[in-house]
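# Fold and geometry: a report
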Amino acid sequence: MTDPAMTGPATTGPATADEIVRIEGLTKTYGAVRAVDDVSLSIPRGAFLTLLGASGSGKTTILMSIAGFVQPSAGRIVVAGRDITHVPANKRGLGMVFQGYALFPHMSVGDNVGFPLRVRGGKRAVDRDRVAQALALVQMDHLIDRMPDALSGGQQQRVALARALVFNPAILLLDEPLSALDKKLRADLQWELKELHHKIGTTFIYVTHDQDEALSMSDNIVILRDGRIEQSGAPGTLYHRPASRFVADFLGKSNFIPGTAAPDPSGGITVTTRGGQLLSKALADDEAAPAGPCLMALRPENITVTHTPLEGHNTVEGTITGVSFFGADHQIMIETPALGPVTARSHALRGAVAPDTGARVCVNWRPGDWRAVADR
Amino acid sequence: MTSREEKYLELKRAHAAGRMDRRSFLRRAGALGIVPLVIPAHMRPAFANAEELVVVNWGGPAEAAYMNAFGEPFTEETGIPVFIDGTGPSVGRIRAMVEANAVVWDVCDSGVAGAINLGPGGYLEPIDYSIVSAERCRPEFVWEHGIGNYLFCNVLTYNTEAFEEAPTTWADMWDVEKFPGGRTMRRNVLGGVMESALQAAGVAKEDVYDTLGTADGRALAFEKLEELKPHTLYWSSASESQQLYRTGEVTIGNIWHTRSRGLRNDSNGQFTWTWNQGQLTAGAWLVPRGNPAGAEAAMRFIAVAQEPENQVLLLEVMGNGPINPEAAALVPEELRADDPGQPENYDLMLADSEAFYSEYYDEVQERYLELIS
Amino acid sequence: MRGRITFTRGLALCAAWTIVAFMVLPMLVVVPVSFTDTYYLSMPQEALSLQHYQNFFQNPRWLTAIWQSTLIALGATAIAVGLGTLCAIGCWRIASGTSDMVRLIMLAPIIVPQIVQALAFYRVWIDFGLIDSYTGVILAHSMIGLPYVVITVSAALSNFDVRLEQAARNLGASMAQTVALVILPRIWPGVASGAVFVFILSFDEIVTVLFITSRRIQTLPKMIWDGIQEHLDPTIAVVAVIFTLVVGVIVVIDQLLRARAAAVAARKP
Amino acid sequence: MMRSQTAPYWWLVVPALAALGVFYLYPVAQVLWLSVTEPAPGLGNYTTLYESQTVRNVIWRTTWISLVTTVFTVTLGYVVAYALAQVGRRTLVIMLFAVLMTLWLSVLIRAFSWVVLLQTNGLVNQALIAIGLIDRPLPLLRNELGVIIGMVHFMLPLAILPMYANMSGLDRRVMQAADVLGARSWQAFWWVWFPMSRPGIIVATLLVFVFSLGFFVTPAILGGGRVMMLSEYISFQFQETLRWGQATMLASTLLLGVLAVLAVATRFIDMKRLFGARG
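The text that follows walks through the structure, step by step, so that each part is easy to find.

How each quantity is defined
- Residues numbered from 1 in each chain as written.
- Chains lettered and ligands numbered in written order.
- Predicted model: local features only at pLDDT ≥ 70, side-chain atom pairs only at ≥ 80, totals over all residues.
- Heavy atoms only, no water.
- Axes fitted to C-alpha atoms, helices over the stretch in contact; angles between N-to-C directions.
- Helix = DSSP H or I, 4+ residues; strand = E, 2+ residues; numbered from the N terminus.
- Parallel < 35°, antiparallel > 145°, perpendicular 65-115°, else oblique.
- Contact = heavy atoms within 4.5 Å.
- Nonpolar A, V, L, I, M, F, W, Y, C, P; charged D, E, K, R; others polar.
- Buried < 20%, exposed > 50% of the residue type's maximum accessible area, 1.4 Å probe, protein only.
- Pairing = 2+ DSSP bridges.
- Buried area = accessible area lost by both parts, 1.4 Å probe.
- Salt bridge = Lys/Arg side-chain N within 4 Å of Asp/Glu carboxyl O.
- Polar contact = N/O pair within 3.5 Å; in protein donor to acceptor, adjacent residues only side chain to side chain.
- Expected span 1.5 Å × (residues − 1).
- Patch = residues over 30% accessible without salt bridge, like charges linked within 9 Å, V, L, I, M, F, W, Y side chains within 5 Å.
- Areas by Shrake-Rupley, 256 points an atom, 1.4 Å probe, with all protein chains shown as cover.

Residue and element names in this part refer to chain D. Helix α7 (residues 123-130) packs onto helix α6 (residues 107-118) with a crossing angle of 30° between their chain directions and a minimal axis gap of 4 Å. The pairing of α6 with α7 is recorded here as roughly parallel in orientation. Residue-level inspection shows Val116, Leu117 and Leu118 of α6 in contact with α7, the latter providing Leu123, Val124 and Asn125. Here the residues of the contact of α6 with α7 are counted per class, giving 5 nonpolar, 1 polar and no charged.

Moving on to the side chain of Gln342(B). Residues and elements named next belong to chain B. One can find Gln342 in the loop between α14 (325-328) and α15 (343-346). Here Gln342 falls in the buried class, since its relative accessible area comes to 5%. For Gln342, the contacting residues outside a window of four places in its chain are Ala328, Val331 and Arg336.

A word on the sheet that holds strand β5 (residues 82-83) of chain A. Strands pair in a sheet through their backbones, by hydrogen bonds, and they do so in one of two ways: parallel or antiparallel. Residues and elements named next belong to chain A. Read from one edge of the open sheet, 4 strands run β2-β1-β4-β5, paired in antiparallel fashion. Two strands bound the open sheet, and with one partner strand each, they are β2 (33-44) and β5. Looking at chain direction, strand β1 (residues 19-30) and strand β4 (residues 74-79) are connected through 5 bridges and run antiparallel. Across the sheet, Thr27 pairs through a bridge with Ala74, a residue of β4. The sheet strands contacting helix α1 (residues 59-67) are β1, β2 and β4, and the helix crosses β1 at an angle near 115°.

Between chain C and chain D, the residue contacts involve 101 residues of the former and 91 residues of the latter. Of the roughly 8,600 Å² buried between chain C and chain D, counting both surfaces, carbon and sulfur atoms make up 81%. At the boundary of chain C and chain D, one finds 0 salt bridges. Where chain C packs against chain D, one counts 6 residue pairs in polar contact (both at pLDDT 80 or more). Of the residues forming the side of chain C that touches chain D, the biggest block, 18 residues, is contributed by helix α1 (residues 7-34) of chain C.

Right, let's get into helix α4 (residues 153-165) of chain A. Between its first and last C-alpha, α4(A) extends 19 Å over 13 residues, near the 18 Å set by a 1.5 Å rise per residue. α4(A) sits mainly inside the fold: 11 of its 13 residues count as buried. What α4(A) keeps buried is the set Gly154(A), Gln156(A), Gln157(A), Arg158(A), Val159(A), Ala160(A), Leu161(A), Ala162(A), Arg163(A), Ala164(A) and Leu165(A). Lining the buried residues of α4(A) we find β6 (95-97), α2 (109-121), α3 (128-137), β7 (171-175) and α5 (183-200) of chain A together with α9 (172-180) of chain D.

Turning our eyes to something else, we now look at a nonpolar patch on the surface. On the surface, Met101(C), Leu104(C), Ile105(C) and Leu25(D) cluster together into a nonpolar patch covering about 290 Å² of accessible area. Counting residues per element, the nonpolar patch draws most heavily on helix α4 (residues 97-105) of chain C, at 3 residues.

The following block contains the structure:
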């Protein structure tokens, strides 16, 4: 279910050369609630790893355990070969960007960024050049004397980043750093963060509940659900090869169509739905091997809506019940007698069919464009 | 003003001045068609309309004692209940009350200074000597707006357990080496304060007021008071003065003999006093102008308080010296030692000088307040 | 987040407990003193005695004082709560510079020193003929209590969605109906909390009472004041114990009210 | 555009405003007015301020005692507020209950309790003698020490509550940021927590100082007439001499002093927040 490269064994094993963080059997309980339930992770040096999940999924608790603000109930955390499970937060040497930035409101930008240097060696040790460099890294060096409340949200976010990086930590923890920003600014900063990651090569551990953010920035994503790892892997893998209904639904949208699978003489499988038998397809090696009842996940963008059936596609007929215009594309709701309601997405101009409510249309998809997933 | 009202006011004046008895006043007022609101239908004496008579004194045990000696006999005679208020009728309070037009006291247990200072200012009802008897009081304490009610003294009072040898003079009170501990004196210059200071400085009893009559003499007194200030707590209520001894904060001081007596009796003699160099004065009954129960009721009360038996009763309970010469003879043997009016005690003390205080009270009081605050 | 116990924090906690002990010490000390078997202030010498409790509950002057204080406090509370609540609602809804100014003016009785206001009441109450009267004391106390009602009600209103008021008006309710049917039901815990505050304030007020009353009005604080000044007798310790118990109950009630105020006002429709 | 809609609401405001005007502001104005008209128009009464050594002493003593009280109260209160902001819920409830009890309990009762504790034969002296620390009672009452103890006790809740409110409103993540960026606990406290709690300290300082300046009951009882502060002096002077001019002059001086302190303070804080009238 999970990417073998991403998960270490629950027992202590030898650290691989490029592993910087290893989490073993991490568990955190609050009374009867298991916020994090036996999570094990291995993070390679220089990675951009995203912990993705809804609120309450345990992603923040994991991050706070790494940072040292949450004392785990069980398990251990190893950073660069050193067990830091019981090391106080201020001795861990990690950089962190907080949700809402947590800039010191009574200090100027320069003093904020100089803080990690100051606490490591007194006021004298604050090297203005290093502060300026760190600020230059995020294009904020011109505002070094401003107070935080005189900065915009995006600027504050950059200062928080500079502050977390000024002492060259090996790992940077980011706790939903972009959640307070508006949509457009968020997109810009996502891009900049990714650039920055490339430039400095520090390991980023990033927490978010925003799937787009996770998909666009990360090298690796760990999807959490109810304190456990649901699936982890590279963004493309997770998107195209979700293991479960949950992941398929969480990353992007999917139509889920129940059916019954049977092996096909050609080595693939066929699925029989309420509307009839689909064309056979080859099964991916990590795909749930369905026999009997199965769930077919079909992404809206893989559906082509036409007036006549397309060659080599699975096709069912239906009636458009509603159309929403999104600028770049349309979302089309189609009621099909065979599969029930189906959502399709089509490019606004290239759609083969003028999406009019009430029109009778064909819903087409290629045999390989669906995936069997576990129903959980 | 209508002539009818004028006639009524004339009647009222005549009645108030005693030229007309109550019955004829009411009849003739009724003939004018005016029935004064305060008068009920039945024919009780006017003052008996008062719901109650408020007598204000200095609180503590004096409340019960006054009730016993004066209040109950008065109620028996007139049917008017008496309430004893222990707030302490200081001159300032009486003035404030009259100026505020909110007089709630009927008879005040004040002092010489009050009678002299407040009377001319129009703050007091004149004493009605047709009800109150001028003969039943030592003549030096009979004034137009007040009359003496009992003798009392400011005496040297001390804790017998605090010292090896009993102090006898004000000079001893100023001797903080030989007689260690806290001192106390009144927070008002009317308490033999300057007199004690001068005697402590060596001025003879007879020369005290002559000396105080000079600026240098007054300066000397204040110098002595300043000298003792670091050791002194100033009492404002009589109960407070007793409290200071009981809690041990004070071992020696100048307080009223009535309160010394209370201390002595409650402590089986741990505290006591000496009459020597005491400051003798009299309390005075004053009636604030416009008192709620009416002047007549107040005068009746004062008259009741003049009864020799009642005065001896108060001496017995509180130690206040009878001021009615008739009463002095009634004092039983065992109470003579506590009666400041008996010659053997009287002669040891210095009597307040009315002349001095009427001339210098404002000045020295002001200076004293500045000194202690 | 609070987990780490460092030396500094441990030290601070110890110090804090010491200071809290200093704060409650005077409340605790009156308890044994009130049970003393002597006639003066002291710890019980040979046995515990209820004599001072008996004295308190049988002395008509103490009982009258309680009654008078209660009556005055109730009157002052009624006036202050009535005026203050309406004023706070008005200012909240008007929400302009002028109404902010009004709210600031309403704070005057908190800012003016007690002795100054006592002198002021005394001076003017003479002219108004209110010296030593229930009306006089009730009026004075209601003025002193007014700002506290304005504050608590304003706080309750700050959590209140102004659109509810707009909706009510839009649906045809008059201002009076809006206040009575929409606003008050949602801010009542704040109003009640203000009422408790004024009640206690009035019940406890001494400085103004010393100036504007003399003989007729004998409130409980006045009795205590005289008692402390004159004969420190253990009956005052009894009063102190009863006061402490009552205040304890009131604090609990008030805290519940405040919690409720926040909950009621913040509850989404 | 809202004018027509909100205009009727002035009818809710007017009664309170009118009552306050007639029964409070007018009397206070009378005090100010009398101070410059009684007994003769002019500033004659105010000459006492520099002519009378006694008045100068009283004002100086009032200021000094208020300052000392403020320093002690705010320092001790800060420790409690800090603890309140750190402890778990159960401890918080207990501590807060103690603080609120102190706030609400009658000032007279508290002064009385301190008399019981501090007088010469009081419990503190008895206890100290019993354990052999001293052999003569210490003078704890009727002096500045007694007054300051009583005043600090009275003012503590007034200092703790605004400081606690400020601290509990602080962004915890900022403290975590200091922590994770490597600050030791004392560094995190002095460089981050303390500066951020400054607004609470300013409010507490101001409240305590202003209330101390005009404080009457506790100094009058615990000072026993020997530590006369301005309020008691006004009352004493007035009751003994009934000179309206002098009394109102001193009262006006006190009021103007308090207003001056507040005026200076508005440069640092929002007055409305100070007295909780935030709408």
